[in-house]
Amino acid sequence: SAVISQKPSRDICQRGTSLTIQCQVDSQVTMMFWYRQQPGQSLTLIATANQGSEATYESGFVIDKFPISRPNLTFSTLTVSNMSPEDSSIYLCSVAPGRLVGHEQYFGPGTRLTVT
Amino acid sequence: AQTVTQSQPEMSVQEAETVTLSCTYDTSENNYYLFWYKQPPSRQMILVIRQEAYKQQNATENRFSVNFQKAAKSFSLKISDSQLGDTAMYFCALGQGGNEKLTFGTGTRLTIIP
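The structure reproduced in this document is the subject of the present report. (Residues numbered from 1 in each chain as written. Chains lettered and ligands numbered in written order. Predicted model: local features only at pLDDT ≥ 70, side-chain atom pairs only at ≥ 80, totals over all residues. Heavy atoms only, no water.)

Examining the environment of A:Phe66
Residue and element names in this part refer to chain A. Let me state the cut-off plainly: Helix and strand definitions here come from DSSP, where helices need a minimum of 4 consecutive H or I residues and strands a minimum of 2 consecutive E residues; each element is numbered from the N-terminal end. Here the term buried applies to any residue with accessible area under 20% of the maximum for its type, exposed to any over 50%, and partly exposed to those in between, with areas from a 1.4 Å probe on protein chains only.
Within the fold, phenylalanine 66 resides in the loop between strand S6 (56-57) and strand S7 (68-72). Of the residues examined, phenylalanine 66 reaches a relative accessible area of 3% and is grouped as buried. Remark: the alpha-carbon pair of phenylalanine 66 and serine 18, spanning 48 residues in sequence, is separated by 9.7 Å.

Some details on the pairing of strand S9 (residues 74-79) of chain B
All names here are of chain B. Just so we agree on the cut-off: At least two DSSP bridges between two strands are required for those strands to pair.
Extensive coverage of S9 is indicated by the burial of five of its six residues. Both strand S3 (residues 19-21) and S9 contribute to a ladder of three bridges, which runs antiparallel. Across the sheet, the residue bridging to valine 19 is isoleucine 79, located in S9. Judged from the six bridges that link them, strand S8 (residues 64-69) and S9 form a sheet pairing that is antiparallel. From the neighbouring strand, serine 65 faces S9, where its bridge partner is lysine 78.

Some remarks on the packing of aromatic side chains
Geometry of an aromatic ring pair is reported as the spacing of the ring centres plus the angle between the planes. Keep this limit in mind: Ring geometry is summarised as follows: Phe, Tyr and Trp rings, the Trp one being its six-membered ring, pair when their centres sit within 6.5 Å, and such pairs are stacked at plane angles under 30 degrees, edge-to-face over 60 and tilted between the two.
Across all of its chains, the model carries twelve aromatic pairs over all chains by this definition. The interplanar angle of 85° and the centroid separation of 5.4 Å between the aromatic rings of A:Phe107 and B:Tyr37 together place this pair among those described as edge-to-face. Remark: B:Tyr37 occurs in strand S5 (residues 32-39) and A:Phe107 occurs in strand S10 (residues 106-107); the pair is interchain, linking two chains. An identical accessibility class is assigned to A:Phe107 and B:Tyr37; each is buried. Through a chain of ring-to-ring contacts, three or more aromatic side chains come together here, namely A:Tyr35, A:Phe107, B:Phe35, B:Tyr37, B:Phe91 and B:Phe104.

Quick look at the interface of chain B and chain A
Under the convention used in this document: In this description, contact between two residues means that some pair of their heavy atoms is separated by no more than 4.5 Å. Take the accessible area each of two parts loses on contact, using a 1.4 Å probe, and add the two losses: that sum is the buried area. What counts as a salt bridge is simple: a side-chain nitrogen of Lys or Arg found within 4 Å of a carboxyl oxygen of Asp or Glu. Pairing of N or O atoms within 3.5 Å defines a polar contact, subject to two protein rules: one partner must be a possible hydrogen donor and the other a possible acceptor, and residues neighboring in sequence count only if both atoms are side-chain atoms.
Taken together, the contact between chain B and chain A spans 20 residues of the former and 29 residues of the latter. The three residues of chain B that bury the most area against chain A are B:Arg43, B:Glu100 and B:Lys101, which together make up 39% of that side's buried surface. Here chain B is connected to chain A by one salt bridge. The shortest N-O distance in the salt bridge between A:Glu58 and B:Lys101 comes to 2.8 Å. Scanning the region where chain B abuts chain A turns up five residue pairs in polar contact (both at pLDDT 80 or more). When contributions to the side of chain B that touches chain A are tallied by element, the ones reaching two or more residues are S5, strand S6 (46-52), strand S10 (88-96) and strand S11 (102-104) of chain B. Sorting elements by how many residues they give to the side of chain B that touches chain A places S5(B) first, with four residues.

Some points on the state of the cysteines
All names here are of chain A. Let me state the cut-off plainly: A pair of sulfur atoms, both from cysteines and within 2.5 Å, is called a disulfide here.
What the rule picks out here adds up to two disulfides over all chains. Put simply, cysteine 23 and cysteine 93 are joined by a disulfide, and their sulfur atoms are 2.0 Å apart. Between cysteine 23 and cysteine 93, the disulfide has an S-S torsion of 65° and is therefore right-handed. Of this pair, cysteine 23 sits in strand S3 (residues 19-25) while cysteine 93 sits in strand S9 (residues 89-96), and the two are 70 residues apart along the sequence. This cysteine, cysteine 13, is not joined by any disulfide, and cysteine 93 carries the nearest cysteine sulfur, 17 Å off. Owing to a relative accessible area of 9%, cysteine 13 belongs among the buried residues under this scheme.

So, the pattern of salt bridges
Residue and element names in this part refer to chain B. According to the stated counting rule, one finds six salt bridges over all chains in the structure shown. Ionic pairing is found between lysine 55 and glutamate 52, a salt bridge with its closest N-O pair at 3.8 Å. Via salt bridges that share partners, Arg50, Glu52 and Lys55 belong to a single interconnected network.

In structure tokens form, the structure reads like this:
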């Protein structure tokens, strides 16, 4: 498994501002992902954070709204830009250590974002 | 496209009893993996159990076991001797063999009653 931390754990932001969420892993991992969990809902994959290249976004998510960085194999950031109340969600990062361990993902504790 | 369906939004059971959570899925892949994740009120997602589609034997982890019916595309989770700490949202998830992406179901809120 892997130990994953996220900062901040929660934040309240004003409409129109941006927030950057950090995800730190205690070991090098192949794959890192960002998910959104809207209130009372399931998890939706936003993008795969690729080390050294642009992130791969899922349908409905765009780089201008959710820019992602991954400068190395243990760290990634997700920025929620030009926020609106609809962006109020829990944002989770996850890691997959590699295909040899059977595809399971390990999740960070999440960042609870409230946009007013 | 992959889909995961959990038809039980909420369930409750008395402590020490056994409970089964249902999950069905659909995929065109032959190589895939199935998972159950638990999300307690602390919201930390915890991997409960995993199953490789190519394995016929059902996975078990202590009090947790699955009933994997590949032909029926069914993947249920059985929790034996339920404990208060089992109270959580439980998500069924499907992973493709060619990449690491997961598709999640809508979840089942399980409450263990003292």
